[in-house]
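Chain and residue survey
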Amino acid sequence: MTKKHGKHHHGHLATASGVTKSPGSSHPASGGDSDPASPIRPAEGILTVPPGEPFDLAGVDADADGGLDKDWAKEALREQRARIETLQERLYAERRRSLLLVFQAIDTGGKDGTIRAVLQGVNPQGCTVASFKVPSTEEMDHDFLWRYHQRTPGRGMIGVFNRSHYEDVLVVRVKGLVPDAVWQSRYGLINDFERLLAVSGTTVLKFFLHISKDEQKARLQARLDDPEKHWKFDPADLVERKSWDAYQAAFGDALTRCSTPHAPWLVVPANRKWFRNLVIARTIADTLEAMDPQFPEAPKGIADLTVPD
Ligand code: AMP
Ligand code: MG
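What counts, and at which threshold
- Residues numbered from 1 in each chain as written.
- Chains lettered and ligands numbered in written order.
- Predicted model: local features only at pLDDT ≥ 70, side-chain atom pairs only at ≥ 80, totals over all residues.
- Heavy atoms only, no water.
- UniProt positions renumbered as here; feature names shortened; annotations may be inferred.
- Helix = DSSP H or I, 4+ residues; strand = E, 2+ residues; numbered from the N terminus.
- Contact = heavy atoms within 4.5 Å.
- Areas by Shrake-Rupley, 256 points an atom, 1.4 Å probe, with all protein chains shown as cover.
- Buried < 20%, exposed > 50% of the residue type's maximum accessible area, 1.4 Å probe, protein only.
- Core = buried A, V, L, I, M, F, W, Y, C linked by side-chain atoms within 4.5 Å.
- Near = heavy atom within 4 Å.
- Polar contact = N/O pair within 3.5 Å; in protein donor to acceptor, adjacent residues only side chain to side chain.
- Nonpolar A, V, L, I, M, F, W, Y, C, P; charged D, E, K, R; others polar.
- pLDDT = per-residue confidence, 0-100.
- Phe/Tyr/Trp six-rings, centres within 6.5 Å; stacked < 30°, edge-to-face > 60°.
- Lys NZ or Arg CZ within 6 Å of the ring centre and 35° of its normal.
- Pairing = 2+ DSSP bridges.
- Salt bridge = Lys/Arg side-chain N within 4 Å of Asp/Glu carboxyl O.

An unreviewed UniProt entry annotates the protein chain as Polyphosphate:AMP/ADP phosphotransferase originating from Methylobacterium trifolii. Annotation of the protein chain in UniProt includes, under Catalytic activity (unreviewed entry), the sentence "[phosphate](n) + ATP = [phosphate](n+1) + ADP".

Below is the structure:
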């Protein structure tokens, strides 16, 4: 990992030199399923979709909890949050690279809850959150990536995508909002887009929160039963639930076709919120640690200065 400090904050995002190979690394570039220079560090319990290989989403146990104890995990989450806060300060101070966290899931899958639980200690000035809804007319008048590219994190920032460019091969496909040939062409375009981000100094962590159909039923019912949760209930979710299988198929294809060495898909068993939160927080902390952000060099002679009266 280079320790050169970018003192110049005027150009574009730092190139990948800071996030890829260490200067002395003798690892050959991997043609296989992982990039040895990638800082992405999925925590135990998360499944990394192997690039270029078929992946069976139906075979993933949404109930998995790694055999962990719930109370212990809640304590451990606090520790991981503290690590994220410390490392975020360095990322922000270094101001050369950025981290993009992408969250995708079926309705009630836990995107909002995860963002709240995992990122609550992060300095708001170093973080941007973008929640993507049905596109506006202006957004629809542009290419499908336009609105996402505008919200990617700049140097020093952590960016959060609550839903993302993947909606354009998910809901758009399931509801048939564009001709088949249009959404089919998007997987490659998404891979190119994420590669552009990666080579421009943005580490992309893509979390797919995997819940079971039974769990979705329980979560929707809980929203109906509790007046304090009524605001979260969207009648449209019951309509979408009828397309459960079509969504699973669309998720499966997105995971398979868009898991790449530079931006692999990370599948999180998400029926148990405390397990989901812990493994995601740990992945973010470990990845930031591997990025190894450095405070910029102090101005010369600073140690000799004192503040006059
Ligand atoms: P929510 O995240 O629950 O507030 O709902 C946002 C809604 O916007 C969901 O129903 C998404 O399916 C929908 N949405 C997000 N992105 C797109 C898109 N690119 N095209 C169509 N619908 C979208
Ligand atoms: Mg919703």
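Topic: the overall build of the protein chain
For the protein chain, the count of helices and strands is eleven helices and six strands. Restricting the contact set of the protein chain to residue pairs at least 6 apart, pairs at least 24 apart contribute 83%. When the accessible area of the protein chain is evaluated, it comes to approximately 15,900 Å², of which 52% is carbon and sulfur surface.

Quick notes on unusual backbone geometry
With a phi angle near 70°, R163 is a residue other than glycine that sits in the positive phi range. Among the secondary structure elements, R163 is positioned in the loop between strand 4 (158-162) and helix 5 (171-174). A relative accessible area of 22% means that R163 is categorised as partly exposed. For D292, which is not glycine, the phi dihedral falls at a positive 55°. Assignment of secondary structure puts D292 in the segment after helix 11 (273-291). Relative accessible area serves as the criterion here: at 25%, D292 is assigned to the partly exposed category.

With respect to the nonpolar core
Burial of nonpolar side chains together is a common tendency in soluble globular proteins. Counting residues in hydrophobic clusters, the biggest one holds 73 residues, and the most contacted among them are L101, F207, I284 and L288. Among the elements that line this core, the one with the most residues is helix 11, at ten residues.

Quick word on the site of ligand 1
The environment of ligand 1 is made up of F132, K133, V134, P135, R147, Y148, R163, E167, D168, V171, V172 and L177. In the model, an oxygen atom of ligand 1 is placed 2.5 Å from a nitrogen or oxygen of the K133 side chain. The contact in question runs from a nitrogen atom of ligand 1 to an N or O atom on the side chain of R147, over 3.1 Å. Of all the secondary structure elements, the ones that give two or more residues to the shell around ligand 1 are helix 4 (146-149) and helix 5. Of the residues belonging to the shell around ligand 1, the class tally is seven nonpolar, no polar and five charged.

As for the UniProt feature "coiled-coil region" (unreviewed entry) in the protein chain
If you check UniProt for "coiled-coil region" (unreviewed entry), the listed places come out as residues 70-97 in our numbering. With 89% helix and 0% strand, residues 70-97 has its two end C-alpha atoms placed 34 Å apart.

As for the confidence of the model for the protein chain
When pLDDT is averaged across the protein chain, the result is 91; 88% of the residues are at 70 or more. Here residues 1-11 is a poorly scored stretch, pLDDT under 50, and it has 25 contacts once near neighbours within four places are set aside; other chains count.

Brief notes about the packing of aromatic side chains
Tallying each qualifying case throughout the model produces eight aromatic pairs. Considering the side-chain rings of F132 and F161, the 5.0 Å spacing of their centres and the 85° angle between planes classify their relative orientation as edge-to-face. Pair noted here: F132 is in the loop between strand 3 (127-131) and helix 3 (137-140) and F161 is in strand 4, with a separation of 29 residues, a long-range link. We note that F132, like F161, is buried. With a centroid separation of 6.3 Å and 85° between ring planes, the pair formed by W274 and F275 is classed as edge-to-face. Using a relative accessible area of 14% as the deciding quantity, one classes W274 as buried. When its relative accessible area of 2% is taken as the criterion, F275 is described as buried. The rings of F132, Y148 and F161 are connected pair by pair, giving a single aromatic cluster. Over the ring of F144 we find R186, and its NZ or CZ is 4.5 Å from the ring centre.

Observations regarding the pairing of strand 6 (residues 265-269)
The element strand 6 is extensively covered by neighbouring structure, given that five of its five residues are classed as buried. Taking every second residue as pointing to the same face, both faces of strand 6 are buried, with W265, V267 and P269 on one and L266 and V268 on the other. Note: strand 1 (residues 47-48) against strand 6, two bridges, orientation antiparallel. Counterpart to T48 in the pairing with strand 6 is L266.

Quick look at the pattern of salt bridges
On inspection of all chains with the given rule, the structure shows 14 salt bridges. Note that R163 is salt-bridged to E167, the shortest N-O span being 3.1 Å. Across the salt bridge formed by R173 and D253, the nearest N and O atoms sit 2.8 Å from each other. Here R173, found in helix 5, pairs with D253, found in helix 10 (residues 244-257); they are 80 residues apart in sequence, far enough to count as distant. With a relative accessible area of 32%, D253 lands in the partly exposed category.

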